[in-house]
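# Observations on the three-dimensional arrangement
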Amino acid sequence: MKYGFFITGTDTGVGKTWATIALMRRFKQQELSVVGMKPVAAGCEYQDGQLKNEDALLIQENASQWLDYSDINPYAFEDAISPHLAGVEYPVQIDVIAQAFDKIKDKADVILVEGAGGWFAPLNNEDDIADLAKALALPVIVVVAIRLGCINHARLTLQAIQSAGVHCVGWIAMCIDPKMARQDENIATIKNKSSAPLLGVLPYTDEMNFDYLAENLTAEKLI
Ligand SMILES: Nc1ncnc2c1ncn2[C@@H]1O[C@H](COP(=O)(O)OP(=O)(O)OP(=O)(O)O)[C@@H](O)[C@H]1O
Ligand SMILES: [Mg+2]
């Protein structure tokens, strides 16, 4: 791998997966090969006798080469609940994720790892998503869902990443609510109050149009 990024967000359901796929498309347009992981997924259904998650499947489909599902998503929990609760009998181990990461990281120019929930989402009784990002030693991209409350959520997340001594390469504004008032001003406020660069304002799209989202990334700032 030449480049790797850990994708976190201000919350669950903020657009981490959509941003990850947009980034994958964008890197592929730049003639870079790309693979991805969703190491911990809560909310899975059986497919061919194996629990699989929508986010991980999208990441698998959008990679430059086909990877085994279990390497992309070593922890697939059926219930859509916090991983530390879903994994009571089979707790998440960061070492296991690190092994899967090591196995696939050199299969492409770029590897993207999507977190679960937000920065302080617990993975087990000891470790949070923050510990996973640190263990994989990846710089972080923060996806901010542009909705009421996003300024506070973005500032808290960016400050927590900085306090952890982890490099934040930037944040992505994800416009998930077409009815939200004063979107531009909210985005401008986050921009003015944070030192991490804005990597793109990804517009609202009714369809899952990831190429359209990719056009709005300014990924030259990343690579
Ligand atoms: N640019 C967009 N335009 C319209 N809707 C969007 C956009 N980005 C995200 N969404 C909506 O938000 C939902 C959640 O996005 P996504 O699955 O990427 O979030 P997530 O942060 O990855 O969630 P999770 O914590 O479950 O992994 C999508 O299913 C979609 O309905
Ligand atoms: Mg997701």
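Reference entry: report on the structure contained in this document. (Residues numbered from 1 in each chain as written. Chains lettered and ligands numbered in written order. Predicted model: local features only at pLDDT ≥ 70, side-chain atom pairs only at ≥ 80, totals over all residues.)

### Observations regarding the nonpolar core
Test applied: Here, a nonpolar core denotes buried Ala, Val, Leu, Ile, Met, Phe, Trp, Tyr and Cys residues that are linked to one another through C-beta atoms within 7 Å. Labels follow a simple rule on C-beta atoms placed from the backbone: if 20 or more others lie within 10 Å of a residue's own, it is buried; if 12 or fewer, it is exposed; otherwise it is partly exposed. Counting from the N terminus, the helices are the DSSP runs of H or I reaching at least four residues and the strands are the DSSP runs of E reaching at least two. The contact rule is simple: place each C-beta atom from the backbone, and if two of them lie within 7 Å, those residues are in contact.
With 70 residues, the main nonpolar core has Ala 22, Val 144, Ile 172 and Met 174 as its most contacted residues. For this core, the leading source of residues is helix α1 (residues 16-29), giving 7 residues. Discounting residues that sit within four places of it in the chain, Ile 172 has contacts with Ala 19, Ile 141, Val 143, Val 144, Leu 199, Gly 200 and Leu 202.

### Some details on unusual backbone geometry
The phi dihedral of Glu 31 falls on the positive side, at around 65 degrees, and the residue is not glycine. Along the chain, Glu 31 turns up in the loop between α1 and β2 (34-37). In this model, Ala 137 sits at a positive phi of 55 degrees, which is unusual for a non-glycine residue. Counting through the fold element by element, Ala 137 comes out in the loop between α6 (129-136) and β8 (140-145).

### Some remarks on the pairing of strand β1 (residues 3-9)
Successive residues of a regular strand alternate their side chains across the two faces of the sheet. Worth spelling out the cut-off: A pair of strands is considered paired only if DSSP assigns at least 2 bridges between the two.
Within β1, 5 of the 7 residues are buried, which leaves the element mostly enclosed by the surrounding structure. Bridging between β1 and strand β7 (residues 110-114) involves 5 bridges; their strand directions are parallel. Opposite Phe 5, over in β7, you have Leu 112 as the bridge partner.

### A word on the site of ligand 1
The line we're drawing: Only the C-beta atom, placed from the backbone, is used; a residue is near a molecule or strand if that atom lies within 6 Å of it. Gly is put with the polar residues, along with every residue not named as nonpolar or charged; the nonpolar set is Ala, Val, Leu, Ile, Met, Phe, Trp, Tyr, Cys and Pro, and the charged set is Asp, Glu, Lys and Arg.
Close to ligand 1 lie 17 residues, the nearest being Thr 12, Gly 15, Lys 16, Thr 17 and Trp 18. The element contributing the most residues to the shell around ligand 1 is α1, with 3 residues. Of the residues assigned to the shell around ligand 1, the class counts are 8 nonpolar, 7 polar and 2 charged.

### Side note on the packing of helix α5 (residues 94-104) against α6
The following threshold applies: Here an angle of 0 to 180 degrees is reported between the N-to-C directions of two axes, which are lines fitted to C-alpha atoms, with helices fitted over the stretch in contact. Roughly parallel refers to an angle under 35 degrees, roughly antiparallel to one over 145, roughly perpendicular to one between 65 and 115, and oblique to any angle outside these ranges. Left-handed describes a crossing whose near helix is turned anticlockwise from the far helix through less than a right angle; right-handed describes the clockwise counterpart.
Two elements in contact, α5 and α6, have axes whose closest approach is 10 Å; the angle formed by their N-to-C orientations is 40 degrees. By the criterion of interaxial angle, the relationship of α5 to α6 is oblique. Classified by chirality, the crossing of α6 by α5 is right-handed. Residues Ile 94, Ile 97, Ala 98 and Phe 101 of α5 form the contact with α6, whose own contacting residues are Asp 131, Leu 132, Ala 135 and Leu 136.

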